[in-house]
Amino acid sequence: MPYSYIAVLGLSPLDLIVIIAYFVAMIGIGIWSMRRIKSQEDFFLGGRRFGRLIQVFANFGQATSSDTGPTVATTTYNNGGAGVWSALMMLFATPFFWFTSVWYRRMRTVTLGDYYAERFNSKVIGGIYALLMGVGLCVLLSLAFIMMNKTVQAMTPKDQADLTSSEKVEYAQAVRMNDLQSRDYHSLTPVEVDELRQLQIEKPRLQFSYINSSLLIWSIVIVVCLYAVTGGLEAAFISDMIQGVFILILSVMLIPFAVNMVNDRFGGSGVMDAFRTLHVQKSESFFEIFGSPAAADFTWYYIAAIAVMGLINSGAQANTFVTPSSSKDEYSARFGMTFGIYLKRGTTVLWGVTSLFAVLLFASDITDPDLLWGYASLKLLAPVGMGLVGLMIAALMAALMSTADMFMITASSLFTHNIYRPLFPARSSKHYVNAGRVFGVLVLIGAAFFSLLNDSVLGMLKLWWEFGGLFAAAMWLGILWKKTSRRAVYFQIGTCLLLYFLIPMLLPALAPGVRSHPEMLKTTEARVITSDYKRATQEDVDARNQEIESFRSLTPTERAGRVAPVPVELGQPWSKTTVLPAKSIFWTKGLVVMKDENGEVLKDVGGKVRYQGQGMLNVFLYAVDALGFDLSKNTYSENETIRVAIRVVFPFLILVGVSLLTRRSKEEIQAADRLAARMLTPLAQTPEEDEKEVELSHARPGRFDHTKVFGPESSWQWAKWNRQDTVGFILNILTVIAIIWALTFCFGLGG
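Basis of the calculations
Residues numbered from 1 in each chain as written. Predicted model: local features only at pLDDT ≥ 70, side-chain atom pairs only at ≥ 80, totals over all residues. Heavy atoms only, no water. Helix = DSSP H or I, 4+ residues; strand = E, 2+ residues; numbered from the N terminus. Buried < 20%, exposed > 50% of the residue type's maximum accessible area, 1.4 Å probe, protein only. Contact = heavy atoms within 4.5 Å. Areas by Shrake-Rupley, 256 points an atom, 1.4 Å probe, with all protein chains shown as cover. pLDDT = per-residue confidence, 0-100. Phe/Tyr/Trp six-rings, centres within 6.5 Å; stacked < 30°, edge-to-face > 60°. Lys NZ or Arg CZ within 6 Å of the ring centre and 35° of its normal. Bend = angle between axes of the 7 residues up to and from the residue. Polar contact = N/O pair within 3.5 Å; in protein donor to acceptor, adjacent residues only side chain to side chain. Axes fitted to C-alpha atoms, helices over the stretch in contact; angles between N-to-C directions. Parallel < 35°, antiparallel > 145°, perpendicular 65-115°, else oblique. Nonpolar A, V, L, I, M, F, W, Y, C, P; charged D, E, K, R; others polar. Left-handed = near helix turned anticlockwise from the far one by under 90°. Patch = residues over 30% accessible without salt bridge, like charges linked within 9 Å, V, L, I, M, F, W, Y side chains within 5 Å. Salt bridge = Lys/Arg side-chain N within 4 Å of Asp/Glu carboxyl O. Core = buried A, V, L, I, M, F, W, Y, C linked by side-chain atoms within 4.5 Å.

1. Things to note about the overall build of the chain
Right, so step 1: What the chain contains, in helices and strands, is 29 helices and four strands.
Right, so step 2: Taken across its 751 residues, the chain has 55% of its residues classed as buried.
Right, so step 3: In the chain, 82% of the contacts between residues at least 6 apart in sequence involve partners at least 24 apart.
Right, so step 4: When the accessible surface of the chain is summed, it comes to about 32,100 Å², and 62% of that surface belongs to carbon and sulfur atoms.

Written out as structure tokens, the structure reads:
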């Protein structure tokens with residue numbers, strides 16, 4: 001390969017060698033694992049033979065993708081230290097995985113769709129779950145593709161001389177937007193204000209890449225197909241062991257280079273000087289990990305609401321089911337699931353630290369926050385050489401593939417077992433394994449296409465956090481309350497699907513006027529918040545000096561009614577006034593200016609600019625507001641918290657209410673009793689012994705009813721805790737406290 005072509009890719013020969021070597025190793029694992037597959041259980045669950053070490057890395061791998069570190073950088077760019085919660089939302093839910101992981105293993109099913117089909121004596125419910133969750137996994141996988149693409153493109157930038165004519169125009173627009181954003185808003189003319197708003201909507205790029213997005217994504221799809229589609233879950237788990245090491249490398253490799261660059265740029269030596277510089281240069285509010293007043297997305301009460309929703313909804317996510325259900329025993333399932341995910345929580349602290357330095361060093365160089373991680377990687381690693389840029393790309397690919405293989409196996413098993421098999425029964429095991437391979441390929445292709453059509457990272461992440469709400473209530477009550485009925489599940493899933501997704505998406509499409517109707521354009525009130533800080537940093541001083549200069553440049557007429565900004569002294573106490581902008585209440589992507597076919601801004605009769613809603617309609621918030629609760633008086637986070645709380649509680653209310661009002665058939669009662677008995681039956685040491693234990697429990701469903709908290713006759717299936725339950729849960733709580741301590745310690749270091 002000519003060196004000139006390698007240079008065009010923006011990578012050195014050594015970088016390319018590292019990436020190619022990684023690809024070859026992954027494909028080799030798939031070919032080796034393929035020879036061990038003899039049944040569906042081998043392909044989809046690896047023969048249920050995985051112990052604690054494999055389980056830890058499998059859970060770590062499936063919970064961590066190429067989007068995780070870069071997403072932390074994006075949200076830190078937007079929200080300061082509080083942005084770390086984009087990857088820590090599930091921290092407070094993790095201790096409860098100590099129990100749910102055992103549930104998954106005791107189900108003894110191949111997929112979570114099998115559980116729904118058996119528990120409610122309905123293959124249709126299992127099929128509905130498989131279809132919707134399979135599509136959901138496909139969408140979530142596309143999120144990883146999107147972030148991987150953005151990060152790699154930021155690491156392979158084009159020289160300005162090589163830009164096309166259209167790219168040069170876009171580059172000029174990005175420079176203009178940066179210029180307007182850097183100026184005081186009140187100093188802009190009306191024309192410049194309109195220009196800035198339009199540019200912020202269009203989001204022109206400042207960086208361009210030699211790497212073609214489609215080529216990059218399809219290359220990853222092919223490699224994952226070659227090792228995971230051929231080798232099944234065992235290949236995925238073995239590769240996850242290797243990829244876990246790469247992810248850990250990714251978590252720490254930027255920090256020492258960032259420390260050196262901070263010291264070179266601002267003076268100092270060693271790690272502590274770099275952290276001190278960070279606190280001197282950045283505002284005190286930047287380090288408020290529980291949300292500063294201006295952090296619209298991550299206030300403490302929103303974090304709390306998301307934590308509860310995460311605990312409830314994650315129980316119904318099919319990818320959460322796969323790893324513990326493939327373990328060889330219950331302890332491996334619960335230890336691997338909880339501490340594999342804690343490993344991710346620990347690396348998140350490191351990603352947060354990396355993001356703090358990246359914002360300090362490079363935030364002013366980019367217009368798209370999603371590019372921050374990749375841009376920082378390029379600037380920090382490229383000067384060193386030694387194939388480190390290639391190593392970072394390989395680490396990102398490892399993180400992506402460890403998620404892609406798990407999601408692919410999970411979705412293909414759902415489609416095969418709960419949709420294809422009921423339609424085409426009595427086929428050979430080999431036939432269903434091959435069908436699973438075909439579905440796996442289709443899932444990867446679908447995710448790739450979706451990623452090329454959409455690039456909203458945080459919006460898609462929030463959508464996934466809430467997607468499990470369709471099935472979570474049926475999952476929890478199906479296990480814990482034997483009276484949960486099939487009809488109630490049908491009604492709850494249908495109602496929630498209608499209110500959560502169909503109406504929000506279809507109503508604006510079928511009635512476009514809804515988007516611009518005056519009642520639907522309601523926003524929160526812009527509000528001014530004053531925060532007091534103990535010590536002004538250099539960033540605070542520079543920002544205040546700019547405000548003073550802008551005020552001085554105003555005419556006497558423009559100054560009328562305004563208070564002159566007070567100078568800030570470095571290291572002294574000061575106050576900061578923050579304006580929380582008005583935000584749309586009913587539309588997920590806010591409001592945009594309406595324009596005609598010629599691009600002219602539309603105005604009403606009084607000359608006021610017309611707006612319309614963008615994204616999906618928030619049905620629940622509209623209903624709350626219509627009932628007389630004026631949501632415009634709330635902050636954005638308060639409204640989001642209300643919406644999340646309603647979406648968590650609403651499905652449970654429907655299930656309980658309808659279950660109490662409907663009768664269950666004899667077959668449905670028997671199915672519930674059989675599954676309830678199996679869920680109370682501990683896993684035996686060998687598959688043969690376990691099969692006998694399950695047969696005994698099926699024959700005598702009340703066999704372990706004495707272990708229930710509310711007594712043998714109760715319909716509630718809460719089991720009493722044993723010593724392992726209690727000690728393990730306490731250790732989990734202590735681990736959460738340790739991670740919070742590590743987070744506050746690292747973010748406060750040098751302050």
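2. So, the confidence of the model for the chain
Right, so step 1: Looking at the chain, pLDDT values average 80 and 83% of them are 70 or higher.
Right, so step 2: In the model of the chain, helix H1 (residues 3-8) stands out as the element of lowest mean pLDDT, 37, in contrast to helix H21 (residues 472-480), which has the highest, 93.
Right, so step 3: A low-confidence stretch, residues 1-8 (pLDDT under 50), is modelled with nine contacts involving residues beyond four sequence positions or located in other chains.

3. A word on the packing of aromatic side chains
Right, so step 1: Here the structure, examined in full by the defined rule, presents 27 aromatic pairs.
Right, so step 2: An angle of 55 degrees between the planes, with centres 5.4 Å apart, marks the rings of Trp-721 and Phe-729 as tilted.
Right, so step 3: Judged by its relative accessible area of 48%, Trp-721 falls in the partly exposed class.
Right, so step 4: With 5.1 Å between their ring centres and 10 degrees between their planes, Trp-741 and Phe-745 make a pair best called stacked. Taken together, the positions of Trp-741 and Phe-745, both in helix H29 (residues 723-748) and four residues apart, correspond to about one turn of that helix.
Right, so step 5: We classify Trp-741 as exposed; its relative accessible area is 55%.
Right, so step 6: An aromatic cluster of three or more residues is present, and its members are Trp-98, Tyr-331, Phe-335, Phe-339 and Tyr-342.
Right, so step 7: The ring centre of Phe-286 lies 4.8 Å from the NZ or CZ of Lys-282, which sits over that ring.
Right, so step 8: If you follow Arg-421 out to its NZ or CZ, it ends over the ring of Tyr-432, 5.0 Å from the centre.

4. What about helix H22 (residues 486-510)?
Right, so step 1: Its axis deflected by about 55 degrees at Leu-502, H22 carries its strongest bend there, up to four residues before the proline Pro-504.
Right, so step 2: Three or more residues of H22 are buried, namely Ala-488, Val-489, Gln-492, Ile-493, Thr-495, Cys-496, Tyr-500, Phe-501, Pro-504 and Pro-508.
Right, so step 3: Measuring from the side-chain oxygen of the N-cap residue of H22 to the backbone nitrogen of Ala-488 gives 3.2 Å; that N-cap residue is Ser-485.

5. What to know about the packing of helix H6 (residues 97-107) against helix H15 (residues 318-325)
Right, so step 1: Here H6 crosses H15 at 75 degrees, and the two axes come no closer than 8 Å. As the angle between them shows, H6 and H15 are arranged roughly perpendicular. Between H6 and H15, the contacting residues are Ser-101, Tyr-104, Arg-105 and Met-107 on the first element and Thr-320, Phe-321, Pro-324 and Ser-325 on the second.
Right, so step 2: Its residues assigned to classes, the contact of H6 with H15 comprises four nonpolar, three polar and one charged.

6. Regarding H15
Since the α-helix turns once every 3.6 residues, residues separated by three or four places project in the same direction.
Right, so step 1: Counting buried positions over the eight residues of H15 gives eight, a clear majority of the element.
Right, so step 2: Among the residues of H15, Ala-318, Asn-319, Thr-320, Phe-321, Val-322, Thr-323, Pro-324 and Ser-325 are the ones counted as buried.

7. Quick notes on the packing of H6 against helix H16 (residues 330-362)
Right, so step 1: Running from N to C, H6 and H16 point in directions that differ by 135 degrees, and their axes come no closer than 8 Å. In terms of orientation, H6 and H16 fall into the oblique class. Two packed elements cross with a definite hand, and for H6 against H16 that hand is right-handed. Here Phe-97, Trp-98, Phe-99, Ser-101, Val-102, Tyr-104, Arg-105 and Arg-106 of H6 come into contact with H16, specifically with Glu-330, Tyr-331, Ala-333, Arg-334, Phe-335, Met-337, Thr-338, Phe-339 and Ile-341.

8. Quick notes on the side chain of Asn-634
Right, so step 1: Along the polypeptide, Asn-634 turns up in the loop between helix H25 (619-626) and helix H26 (636-661).
Right, so step 2: The contacts of Asn-634, once residues within four sequence positions are left out, are Thr-524, Arg-527, Asn-639 and Ile-642.

9. Describing a nonpolar patch on the surface
Right, so step 1: A surface patch of nonpolar side chains, about 510 Å² in accessible area, is lined by Val-727, Ile-730, Leu-731, Ile-733, Leu-734 and Ile-737.
Right, so step 2: Within the element layout of this structure, Leu-731 appears in helix H29.

10. Considerations on the pattern of salt bridges
Side-chain pairing between opposite charges can occur once the charged atoms of the two side chains come close.
Right, so step 1: Enumeration according to the criterion identifies 13 salt bridges in this entry.
Right, so step 2: Where Asp-725 meets Arg-334, a salt bridge forms, and the shortest distance between an N and an O atom there is 2.8 Å. Residue Asp-725 is located in helix H29, and its partner Arg-334 is located in helix H16; the two are separated by 391 residues in the primary sequence.
Right, so step 3: Under the relative-accessibility criterion, Asp-725 is labelled buried at 9%.
Right, so step 4: Between Asp-705 and Lys-708 there is a salt bridge, with its nearest N and O atoms 3.9 Å apart.
Right, so step 5: The class for Lys-708 is buried, based on a relative accessible area of 1%.

11. Points about unusual backbone geometry
Right, so step 1: Positioned with a positive phi, Arg-108 is a non-glycine residue whose angle comes to about 60 degrees.
Right, so step 2: Residue position: Arg-108 is located in the loop between H6 and helix H7 (112-119).
Right, so step 3: Owing to a relative accessible area of 17%, Arg-108 belongs among the buried residues under this scheme.
Right, so step 4: We note that Ala-426 has phi near 60 degrees; this positive angle belongs to a residue other than glycine.
Right, so step 5: Within the fold, Ala-426 resides in the loop between helix H18 (388-423) and helix H19 (429-453).
Right, so step 6: For Ala-426, a relative accessible area of 80% translates into the label exposed.

12. Quick word on the environment of Leu-661
Right, so step 1: Take Leu-661: it is sitting in helix H26.
Right, so step 2: The exposure class of Leu-661 is exposed, given its relative accessible area of 76%.
Right, so step 3: For Leu-661 and Ser-485, which are 176 residues apart along the polypeptide, the C-alpha to C-alpha distance reads 9.6 Å.

13. Considering the nonpolar core
Right, so step 1: Met-107, Leu-112, Tyr-116, Phe-357, Phe-471 and Met-475 are the most contacted members of the largest nonpolar core, which totals 136 residues.
Right, so step 2: Per element, the largest residue contribution to this core is 15 residues, and it comes from H18.
Right, so step 3: When residues no more than four places from it in sequence are discounted, the contact partners of Tyr-116 are Ser-122, Ile-125, Gly-126, Tyr-129, Ala-316, Phe-471, Ala-474 and Met-475.
Right, so step 4: In terms of nonpolar packing, the next biggest core, distinct from the first, is built from 10 residues, Val-514, Ile-585, Val-624 and Leu-631 among them.

14. Examining the environment of Asn-79
Right, so step 1: By secondary structure assignment, the location of Asn-79 is in helix H5 (residues 68-79).
Right, so step 2: Taking the C-alpha atoms as reference points, Asn-79 and Glu-288, 209 residues apart in sequence, are found 9.3 Å from one another.

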